[in-house]
Amino acid sequence: MVLDANWATKWLTLCAQAMAANRVYLIELDRAIGDSDHGENMDRGFQAVLEKLAETPPETPGAALKLAAMALMSKVGGAAGPLYGTAFLRASTAVGDALEVDPEAWARALTAARDGIVARGKAEAGDKTMVDAWTPAAEAAQAAVARGTGNILEVLVAAAEAADAGAVATDPLVARKGRASYLGERSAGHRDPGAASSALILRAAVEAAA
């Protein structure tokens, strides 16, 4: 499998489908500890990504990531827009103008995305935010590359599975950042919606390559 512009376009298309399919799920998660709009915002944001893809089909993965960043920053409300926009923009910079994304580039992209989210949101792993999905995803990709795997699908799967586990692991945490932090101990027992949507995005990357 080659991670080229066609893969990136398919990935973003599957992200849009995932956000539409999980819109109510994300709304319910956000209703418990946020302001109930995460599902609506993510669905609207990725529909805007689809419109941009149709207008200007990207020629490289980096161009697709940058296109997504611009659409998400302009259409997604609340904190998620700037955070996801920064993540995709940093990932775009990490892969550059290359026609294909190899395992090392994917690990770099995930690390850059995570670092962008941390820089923008000032959150760390354990704060019950989307960082709790992106950090294990980046670390899993880095570990897969360090093991010497040249199989890009293996790296994609490792990152997605780590993001899934990271999202689940937010359930018992007490939020220290974002709107959920206002609830204090009452935020425990609920999954962070940003971590959940992050896991959906990284799972879609696998599906696009399968």
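Scroll up a little and you will see the structure.
Residues numbered from 1 in each chain as written. Predicted model: local features only at pLDDT ≥ 70, side-chain atom pairs only at ≥ 80, totals over all residues. Heavy atoms only, no water.

A. Structural context of empty space enclosed by the protein. Per the counting criterion, the structure on display carries 2 cavities of 30 Å³ or more. A volume near 60 Å³ is recorded for the largest cavity. Around the largest cavity, the lining residues are Trp 11, Leu 65, Ala 87, Phe 88, Ala 91, Trp 106, Ala 109, Leu 110, Ala 113, Trp 134 and Leu 202. Mapped by element, the contributors of at least two residues to the lining of the largest cavity are helix H5 (80-95) and helix H6 (103-121). In terms of residues, the lining of the largest cavity owes the most to one element, H6, which gives 4 residues. A per-class count over the lining of the largest cavity returns 11 nonpolar, no polar and no charged. The calculated volume of the second largest cavity comes to roughly 30 Å³. Elements represented by at least two residues in the lining of the second largest cavity include exactly helix H1 (5-21), helix H4 (61-75) and H6. (1 Å grid on protein atoms, 1.4 Å probe; cavity = no way out; pocket = protein on both sides within 12 Å on 5 of 7 lines; lining within 4 Å. Points joined across faces, edges and corners; volume = space filled by probe spheres on them. Helix = DSSP H or I, 4+ residues; strand = E, 2+ residues; numbered from the N terminus. Nonpolar A, V, L, I, M, F, W, Y, C, P; charged D, E, K, R; others polar.)

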